[in-house]
2 protein chains.
Amino acid sequence: MSTKAPTSSAVRLAAETWESLFRSQVAVMRRLQAGPAFKKLPIKEYDVLFTLSRCPTGKLRLNEINDHVLLSQSSLSRLVDRLEKRGLVERSIAPDDGRGILLGLTEAGQELQKEIGREHIRDIAELVAPALTAEEQRDLLRLTEKLQAFVANK
Amino acid sequence: MSTKAPTSSAVRLAAETWESLFRSQVAVMRRLQAGPAFKKLPIKEYDVLFTLSRCPTGKLRLNEINDHVLLSQSSLSRLVDRLEKRGLVERSIAPDDGRGILLGLTEAGQELQKEIGREHIRDIAELVAPALTAEEQRDLLRLTEKLQAFVANK
DNA sequence: TCAAGATAGATGCATTTGCATGTATCGCTG
DNA sequence: CAGCGATACATGCAAATGCATCTATCTTGA
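Parameters at a glance
- Residues numbered from 1 in each chain as written.
- Chains lettered and ligands numbered in written order.
- Predicted model: local features only at pLDDT ≥ 70, side-chain atom pairs only at ≥ 80, totals over all residues.
- Heavy atoms only, no water.
- Near = heavy atom within 4 Å.
- Polar contact = N/O pair within 3.5 Å; in protein donor to acceptor, adjacent residues only side chain to side chain.
- Nonpolar A, V, L, I, M, F, W, Y, C, P; charged D, E, K, R; others polar.
- Patch = residues over 30% accessible without salt bridge, like charges linked within 9 Å, V, L, I, M, F, W, Y side chains within 5 Å.
- Areas by Shrake-Rupley, 256 points an atom, 1.4 Å probe, with all protein chains shown as cover.
- Salt bridge = Lys/Arg side-chain N within 4 Å of Asp/Glu carboxyl O.
- Lys, Arg positive; Asp, Glu negative; His and termini not counted.
- Charge placed at Lys NZ, Arg CZ, Asp CG, Glu CD.
- Helix = DSSP H or I, 4+ residues; strand = E, 2+ residues; numbered from the N terminus.
- Buried < 20%, exposed > 50% of the residue type's maximum accessible area, 1.4 Å probe, protein only.
- Phe/Tyr/Trp six-rings, centres within 6.5 Å; stacked < 30°, edge-to-face > 60°.
- Contact = heavy atoms within 4.5 Å.
- Buried area = accessible area lost by both parts, 1.4 Å probe.
- Expected span 1.5 Å × (residues − 1).
- Least-squares fit on C-alpha atoms with pLDDT ≥ 70 in both.

Tell me about the protein's contact with DNA strand D, and name the residues and values.
Around DNA strand D, a shell composed of 21 residues is seen, among which Ser77(A), Arg78(A), Arg91(A), Ser75(B) and Gly98(B) lie nearest. By atom count, sugar and phosphate contribute 63% of the portion of DNA strand D lying within 4 Å of the protein. For DNA strand D, a phosphate oxygen lies 2.6 Å from a polar atom in the side chain of Ser77(A). Contacts to DNA strand D include Ser72(B), whose backbone N or O atom sits 2.7 Å from a phosphate oxygen. Across the surface near DNA strand D, the residue classes break down as three nonpolar, nine polar and nine charged.

Describe in detail a negative patch on the surface, supporting the description with residues and values.
Residues Glu135(A), Asp139(A), Glu135(B) and Asp139(B) make up a contiguous surface patch of negative charge. Secondary structure elements with two or more residues in the negative patch: helix H6 (134-152) of chain A together with helix H6 (134-152) of chain B. Take Asp139(B): it is sitting in helix H6. Its relative accessible area of 32% is what places Asp139(B) among the partly exposed residues.

So what about the protein's contact with DNA strand C? Which residues, and what values?
Ser75(A), Gly98(A), Ser77(B), Arg78(B) and Arg91(B) are the nearest of the 21 residues found near DNA strand C. Residue Gln73(B) places a side-chain N or O atom 2.9 Å away from a base nitrogen belonging to DNA strand C. Ile101(B) places a polar main-chain atom, nitrogen or oxygen, 2.9 Å from a phosphate oxygen of DNA strand C. Elements represented by at least two residues in the surface near DNA strand C include exactly helix H4 (73-85) of chain A together with helix H3 (62-68) and helix H4 (73-85) of chain B.

Break down the packing of aromatic side chains for me, citing the residues and quoting the values.
Residues and elements named next belong to chain A. Enumeration over the complete set of coordinates arrives at six aromatic pairs over all chains. Pairing Trp-18 with Phe-22 gives two aromatic rings, centres 5.8 Å apart and planes at 25°, and the pair type is stacked. In this pair, Trp-18 and Phe-22 are both assigned in helix H1 (residues 8-33), four residues apart and thus about one turn of the helix distant. On the accessibility criterion, Trp-18 (6% relative accessible area) is buried. Grouped by ring-pair contacts, the aromatic residues Phe-38, Tyr-46 and Phe-50 constitute a single cluster.

So, the pattern of salt bridges: which residues are in play, and what are the values?
All chains considered together, the criterion is met by 22 salt bridges over all chains. With a shortest N-O distance of 3.2 Å, Glu119(B) and Lys40(B) are connected by a salt bridge. With Glu119(B) in helix H5 (residues 107-128) and Lys40(B) in the loop between helix H1 (8-33) and helix H2 (43-54), the pair connects residues that are 79 residues apart, well separated along the chain. We classify Lys40(B) as partly exposed; its relative accessible area is 32%. Several salt bridges converge on common partners, so that one network encompasses Glu19(A), Arg23(A) and Asp47(B).

Could you give an account of the interface of chain B and chain A, with specific residues and numbers?
At the junction of the two partners, chain B supplies 58 residues and chain A supplies 58 residues. The junction of chain B with chain A conceals about 5900 Å² of combined surface from both sides, 70% of it contributed by carbon and sulfur atoms. When the buried area of chain B at its contact with chain A is split by residue, Trp18(B), Arg23(B) and Leu70(B) rank highest and sum to 12% of it. The interface formed by chain B and chain A includes six salt bridges. A salt bridge links Lys146(A) to Glu136(B); the shortest N-O distance between them is 2.8 Å. Remark: the boundary between chain B and chain A carries 25 residue pairs in polar contact (both at pLDDT 80 or more). The set of elements that each furnish at least two residues to the side of chain B that touches chain A consists of H1, H2, H3, H5 and H6 of chain B. No other element matches H1(B), which puts 22 residues into the side of chain B that touches chain A. Here the side of chain B that touches chain A is composed, by residue class, of 32 nonpolar, 11 polar and 15 charged.

Summarise helix H2 (residues 43-54) of chain A; cite the residues concerned and give the values.
Residue and element names in this part refer to chain A. Spanning 12 residues, H2 covers 16 Å between terminal C-alpha atoms, matching the ideal 16 Å at 1.5 Å per step. Here H2 lies mainly inside the structure; nine of its 12 residues are buried. Buried within H2 are the following residues: Ile-43, Glu-45, Tyr-46, Asp-47, Val-48, Leu-49, Phe-50, Thr-51 and Leu-52.

Can you tell me about the environment of Arg138(A), naming the residues and giving the values?
With respect to the element layout, Arg138(A) can be found in helix H6. Once the C-alpha coordinates of Arg138(A) and Gln110(A) are considered, the two residues, 28 residues apart in sequence, prove to be 29 Å apart.

How would you explain the relation of the copies chain B and chain A if you had to name every residue and give the values?
Here the second copy of the chain follows from the first by a rotation about an axis and a shift along it. Under the fitted operation, chain B is carried onto chain A by 0.0 Å of movement along the axis and a turn of 180°, and the coordinates agree to an RMSD of 0.0 Å. One copy is carried onto the other by what is essentially a two-fold rotation axis. Closest approach to the rotation axis among the C-alpha atoms of chain B is made by Leu140(B), whose C-alpha sits 3.2 Å away. Here 100% of the contact residues of chain B are again contact residues in chain A; the copies associate through an equivalent surface.

Now the structure itself:
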């Protein structure tokens, strides 16, 4: 395996790249979460509904969801409590693992996700589409996917 | 001014791009904040020290700092309280605006920032540098800067 | 120049978060 | 197959966060 020391310029480039990725995410997120759609439901809670809506089976384990969001396990547990109290999701015991909890959207949860989602995707498009050409967006998509894939397997 | 309606594929591309940018940020941030350096100081508090350390004058207004972080004004105010109580920063009144507060690093704040910064930049490099080539990193840097610049002036 | 609205930052209070820990189930090993 | 460490999720509690509001200062316009 390769263990050559990184040059200081390589370290600097990586740091600047991350810094810029991070700040751009902050700038975009700030705008998005200020949108009127997120008066109904905080964006972090929406994100869980969204994640469930994208899942082919319609149900996900809490630990799988936890990998997608920047929240501790206990915070996610209580966030799901809130969603459940509002009747937007339902917990059920994972059939293949008695410790696990499967989370699924209720009818009301699906509807609210779609409703917020329509506004949200419009806000995203207004912010991102005019900032970068289609080709630049495809590049950015590819690079962030590659970065994420690497980080996930480490 | 141009007001042509975006095509649905353009909307979809923008949404996927943002989603990927966001998830990659979550994945990287999760790793970074788990680093041992952030036992000493939470990453959000470090970020304020870092921002101050990068500033040519060494001092910044609270509202300027607030633009860089994903925190409400009141949360930043109290975060700065904590930093001040630990002797890492000092508040002073902005000379040109009696309402404004200038924040600067103390000696101890500079030292702690450098100390954490050394570990932090190493973690970043270990995560980002092997994931993307130097050219890819330069592309990602350029694209996220462009996105951020657009969002900032909107 | 002074009154009215705007802006910067601080603070009370309810909500959200994370850490440490608890409970239950799983999987492995002897 | 019994026991023991590991894993999944929940919960008590202290700390952090955001919203609404407050105070102080600035800016504008009559």
